[in-house]
Amino acid sequence: MTNKPSSVKKKSAPKKRAKKSKRLPKRLSIWRRLFKWLVILSLILSVPFSLWIWWLDKQVVARFEGQKWQVPSEVYSAPLELTDGAPWRKQDLEKVLAEYGYRFGKNSQKVGWAARSQTKVSAHLRDYTDHTGYHPSSRRIFSFANGQLQIQDVSGKRYRNAVLEPQKIGYLYGGNTENRDILTYEQIPKSLIEILTITEDREFFHHFGISPTGIARAAFVNVTSGSRRQGGSTLTQQLIKNMFLTSERTYTRKITEVFMALLLEYHYSKEQIITAYVNEVYLAQEGDSALHGFAAASEYFYGRPLHELNLDELALLVGMVKGPSLYNPRRNPERAKQRRNVVIALLFDQGKLTARNAIALKKQPLRLSPPGKRRSVYGDYLDLVSMQLERDFDQATLATKDLKIYTGLDIRAQKAALKAMHSRVSALVQQKMQLKGLQGAMVVTDRHNGQVRAVVGSSDKYYSGFNRALGAVRPIGSLVKPSIYLTAIASGRYNWWDRIQDEPKRFKVGDKLWEPQNYSRTAHGEVPLYEALAKSYNLATIDLASNLGFDRVADTLRQLGVKRPFTMYPSVALGSLELSPFEVARLYQPLASTGESAELGVVLSVMDQNGKVLKRFDRSSEVPFTNEALAVTLAGMTKSPEIGTARAAQGQLPWLRFAAKTGTTNDQRDSWFVAVTDDFLSTVWLGQDDNSPMNITGSSGAQWVWIDFAKALPQRSLPKALPRGASYYHVTLDEFEIAADRCKEKVELPFIEGTQPKSSSSCFWFF
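Owing to the predicted nature of the structure, the values given are computational and were not obtained by experimental measurement.

*Asks:* Looking at this structure, I do not really get helix α18 (residues 538-548). What am I missing?
*Replies:* In an α-helix, one turn spans 3.6 residues, which is why side chains three or four residues apart end up on the same side. Taking burial as the measure, the 11 residues of α18 include 9 buried ones, the bulk of the element. Within two residues after α18, glycine 549 carries a phi angle of roughly 105°, on the positive side.

Structure representation (C-alpha cells):
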C-alpha cells in the first residue's frame, strides 16, 4: 500500500513529460517550415544572382584576355640621321633636340638630357627599336666648325653619324577616337606607382579589390550629408568603372562595381591590374581624340617618354586623375599646379619626401611642351600613309590593332616645307591682292632612295583636309621638258652643245592648227640644247620633240613613271599633260637619283605590338635609261640656275649647286618649280582651286617657296662628279671643239663618252 502512491507518482510524471513533448515538435515544425522556405527562397534567388555573377565574371575575363584595348595604329617618322660634315647650325640642332623632348641641363649624363656650351652641344640619345632592329642609346658631342657638323663621343672619338629616334607623328584612327600608348608593368616608372597608390589607394597592394573602411567612410559621409559625395573606390574599382561601367552615381552601379572588382582581383595579379589602370585612365582630350593612359599624357603635356619625367611632373599627371578637365594644366594652369602641390604634400606626409624636397618641388613651374599639332603638321603625310596601307590592311585593323607604322618622313623637312609654303603664299597675297585664295602643294623626296620626306597639301598654316599634293591634277607646263631632253641625250643623236631651231612652227591637230609660242613671244633662232632647256624655250623644245618623234617622247614619260593615261598630242611636249604634284615628283625621281630609285616610298614597314614585322615595302629601282644618260641630263639642268629661269634661286643661295626647272601654264594658271640638291628632290605647285588665271610664273611664285625652304633647311650641293661613261668638257661656243684653258668663249658641259667633240681648239690668234 505504501508503495502505491509512489508508483502512481512515478506513472504520472511521464504523462506530464508526454504533454510537454507534444508541444515541442509543434514549435520545431514551425521553425523547420520557416527555415525550409528560407532555403527554398534563397535557392530561388541564388539562381539569378549566380547567373549574374557568372555573367560579370565572363565580362571581366573577356576584357582582360587577349587584346585589351582597341588602339589605333601609331605612325612614326624616319630616324633623324645626323651626318658628320653635313651643314648644321648650332641653334638648329638645339631646336631639334628640344622638339624631340630632350631636356637641357648642366650635363647630358642621363638618357634624354642635353647640354650646351658656346660652341658645342652634347646629348644622351635615346635607344629605340624599329624594323631594322634595336639601336642602343649613345652619348654624343656635336660641334659646328665652319657650319659643318662634327660628331664625337666623350673620349673624342669621331663618328660618321648619330641617330635621333623616330618620332610619333600621329595615328590611323578609322572610326576610333581614343589615343593611348601601351606600357608593360616593367616599363612603368616605380615612382609613378608609388605616387598613384599614395594618392588614390594606399592599401592597393593589401586589399582584395574593395576597401571596407573606405566604403564605410564614404557611406557615413553620404548618409550624414544627404547626398552622394564620396565613393570609397579603390584603384581596382576605378579601373572597373573606366573599362566597363558608366560614370553615373547610383547604388546599383556601385554594387556592380564592387562585385566586378572582387572578380578582377580573383583572376588577376596586382601587377596586371595596376598596369591596366596606368594604360586605361582617361586624362585629357586631344582634339577629337580621348587621351588615355599616363604614357600618352606624358607625350601630350611634356613631349617626352613617361620614364623621363621628374617627380613633380608625375605628381601633376596623378593629380589630374581626380578631375581631368578641372585640372588640365593647359586650360587651368593655376588649379593644376595647386592640385599637383596637394599630391606632393601627400608624399611628404607619407615620409616619401623631405620637407626641403617637397618645398623645392612645389616651386617648380609646370614646364609644359607646346600644344601638340601632330594632325595639323603631319596630316597631309598621314593621308599618304593611309592611301598606301589601304591596299594591304583593312581599316578596322589599322584603327584597332596598335600597329607600329614606320615611314620615311623627315620632321625637319616637313616643318620647313609647311612654313615656307604658308609664309611665302601669305607674302604673295599681300603683294598682289588679286591672288587672294592662292593655294599650293609641295612634295619633298630623298634624292637617292625616293623616300617621301615631306608633303604639304595646302598653303594654310595647318592641315586643311584637302590634300592638293595628291588631289590637285593640273597641267605641268615646262616641267615636262627635261624628259624630252633626256630622250635626246639617251638616243645618242644629241648632246648639250647641239643646235636646235627656236622658230615658229605649226602643227595640225585634228581640224585645227596649233601654233606654239615662247613665253616672251620672241623667237631666238638656232640655240644649243643646254640654253633651250635653261631658258625654257618652247619653240626649240617642240622642234626637238618633233625631230625625236612625239611617240618616243610619250614612251619616255611612261618609262619615267607616268601612270595616268594621256594622248600624245604635240601640246603634251609643252606641258598640257596633267599630273598632281605627287605624280610630278615620281616623274622626276629616276632623273634626280640618276637611276638609284624609280618610285616613291612612303611606308617602310608595319610591325605589330609585339615587335614582329608584318610587312616591308620594297620598291623597284629599275629605270630603262643608263646612269650616264640620266646623270648627264641632270647635270644639264644645273644650267637653269646659272643662266636660265632659276637664277633668282641661285642668287639667294650662291653657295649651293643644284638642278632646277620652272614651269608656267597657259594664262599663268599654274606656277611650278622643281629643284634637286644632294639631299632632296623638291616639287612645288601654286595655283587657284578654281583654276583661274594668276599673274605669277614658276619663277616669281613657286621658285620662291623653294628658296624659303632651302634657307630654312640647309642642304648639300649636288655633286658634280659623273658616273663612269660620262665626263665634263669645256667646249668652244661657236665651234664643236674641246676648248683649251686659254680659251675665253667656252662653256663647260657634261657628255656621254663618245658624244663629246673629237677635235680641240687652242684659241690662238694669228697675226
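*Asks:* Explain the state of the cysteines here, please?
*Replies:* Every disulfide links exactly two cysteines, by a covalent bond between their sulfur atoms. Tallying each qualifying case throughout the model produces 1 disulfide. Here cysteine 743 pairs with cysteine 763 through a disulfide, and the sulfurs are 1.7 Å apart. Looking along the S-S bond of the cysteine 743-cysteine 763 disulfide, the torsion reads about 105°, which is the right-handed sense. Placement of cysteine 743 in the loop between β30 (738-739) and β31 (746-752) and of cysteine 763 in the segment after β32 (760-761) is noted, with a sequence separation of 20 residues between them. Given the relative accessible area of 3%, cysteine 743 is considered buried.

*Asks:* I keep staring at the packing of aromatic side chains and nothing clicks. Help me out?
*Replies:* Aromatic ring pairs: the centre-centre distance and the angle between the two ring planes describe each pair. Inspection of the entire model under this criterion finds 12 aromatic pairs. Each ring, one from tryptophan 497 and one from phenylalanine 736, has its centre 5.1 Å from the other, and the planes form 40°; the classification is tilted. Taken as a pair, tryptophan 497 in the loop between α16 (481-491) and β19 (499-502) and phenylalanine 736 in the loop between β29 (726-732) and β30 lie far apart in primary sequence, 239 residues in all. Here phenylalanine 736 falls in the partly exposed class, since its relative accessible area comes to 26%. When the centroid spacing of 5.0 Å and the interplanar angle of 45° are considered together, the rings of phenylalanine 658 and tryptophan 706 count as tilted. Pair noted here: phenylalanine 658 is in the loop between α23 (647-652) and β26 (659-664) and tryptophan 706 is in helix α24 (residues 698-712), with a separation of 48 residues, a long-range link. Note on tryptophan 706: relative accessible area 0%, which makes it buried. Connected via pairs of aromatic rings, a cluster forms that spans Trp497, Tyr729, Phe736 and Phe751. Geometry around tryptophan 88 places arginine 412 over its ring, the cationic atom sitting 3.7 Å from the centre. Positioned above the aromatic ring of phenylalanine 617, the side-chain terminus of lysine 615 is 5.4 Å from the ring centre.

*Asks:* Whenever I open this one, the packing of helix α3 (residues 190-200) against helix α7 (residues 270-280) confuses me. Can you help?
*Replies:* When two helices pack together, their arrangement is given by the angle between their axes and by how far apart the axes lie. Viewed as axis vectors pointing N to C, α3 and α7 meet at an angle of 90°, and their least axial separation amounts to 12 Å. Between α3 and α7, the crossing angle belongs to the class labelled roughly perpendicular. The segment α3 lies against α7, with Leu192, Ile193 and Leu196 engaging Ile274, Tyr277 and Val278. Split into classes, the residues belonging to the contact of α3 with α7 amount to 6 nonpolar, no polar and no charged.

*Asks:* Help me out: how do you make sense of the side chain of glutamine 589 in this one?
*Replies:* Its place among the elements puts glutamine 589 in helix α20 (residues 581-592). Residue glutamine 589 is classed as buried on the basis of its relative accessible area, which comes to 0%. Here serine 597 takes part through its side chain, which lies 3.0 Å from a polar atom of the side chain of glutamine 589. Non-local contacts of glutamine 589, meaning those with residues more than four positions away in its chain, are made with Thr445, Asp446, Arg447, Asn449, Gly450, Ser597, Glu599, Leu600 and Leu681.

*Asks:* Where do I start with the pattern of salt bridges in this structure?
*Replies:* Close approach of charged atoms allows side chains of opposite charge to pair. The tally for this structure, following the rule as stated, stands at 30 salt bridges. The partner of glutamate 313 in a salt bridge is arginine 367, with the nearest N and O atoms 3.2 Å apart. Note that glutamate 313 is positioned in helix α9 (residues 311-320) and arginine 367 in the loop between α11 (355-362) and α12 (374-389), a separation of 54 residues in sequence. Assessed through its relative accessible area of 0%, glutamate 313 is described here as buried. We classify arginine 367 as partly exposed; its relative accessible area is 27%. Close ionic contact of arginine 468 with aspartate 689 constitutes a salt bridge, the shortest N to O distance being 2.8 Å. Within this pair, whereas arginine 468 is found in helix α15 (residues 468-471), its partner aspartate 689 is found in the loop between β28 (680-687) and α24, the two being separated by 221 residues in sequence.

*Asks:* Which parts of the structure should I look at to understand the pairing of strand β5 (residues 120-125)?
*Replies:* Within a regular beta strand, the side chains point alternately toward one face of the sheet and then the other, so they alternate between its two faces. Buried residues dominate β5, accounting for 5 of its 6 residues. The pairing of strand β4 (residues 113-116) with β5 spans 3 bridges and is classified as antiparallel. Looking at β5, one finds that arginine 116 is bridged to valine 121. Linking β4 to β5, which pair antiparallel, is a turn of 3 residues. Pairing analysis gives 6 bridges linking β5 to strand β8 (residues 138-143), with the strands arranged antiparallel. Directly across from alanine 123, in β8, lies its bridge partner arginine 140.

*Asks:* I'm lost on the sheet that holds β26 in this one. Help?
*Replies:* Think of a sheet as strands paired side by side through backbone hydrogen bonds, with each pair either parallel or antiparallel. The strand order across the open sheet formed by 5 strands is β17-β16-β28-β27-β26, and the pairing between neighbours is antiparallel. Every interior strand has two partners, whereas the edge strands, β17 (452-456) and β26, have only one. The sheet shows a mean angle of 5° between the axes of neighbouring strands, taken without regard to direction. As paired strands, strand β27 (residues 670-676) and β28 are joined by 7 bridges and run antiparallel to one another. Bridge pairing in β28 links tryptophan 672 to tryptophan 685. Contacting β16 (439-446), β26, β27 and β28, α24 runs over the sheet at an angle of about 40° to β27.

So, how was this worked out
- Residues numbered from 1 in each chain as written.
- Predicted model: local features only at pLDDT ≥ 70, side-chain atom pairs only at ≥ 80, totals over all residues.
- Heavy atoms only, no water.
- Buried < 20%, exposed > 50% of the residue type's maximum accessible area, 1.4 Å probe, protein only.
- Helix = DSSP H or I, 4+ residues; strand = E, 2+ residues; numbered from the N terminus.
- Disulfide = S-S within 2.5 Å.
- Phe/Tyr/Trp six-rings, centres within 6.5 Å; stacked < 30°, edge-to-face > 60°.
- Lys NZ or Arg CZ within 6 Å of the ring centre and 35° of its normal.
- Axes fitted to C-alpha atoms, helices over the stretch in contact; angles between N-to-C directions.
- Parallel < 35°, antiparallel > 145°, perpendicular 65-115°, else oblique.
- Contact = heavy atoms within 4.5 Å.
- Nonpolar A, V, L, I, M, F, W, Y, C, P; charged D, E, K, R; others polar.
- Polar contact = N/O pair within 3.5 Å; in protein donor to acceptor, adjacent residues only side chain to side chain.
- Salt bridge = Lys/Arg side-chain N within 4 Å of Asp/Glu carboxyl O.
- Pairing = 2+ DSSP bridges.

Interpretation in functional terms is not warranted from these geometric data alone.
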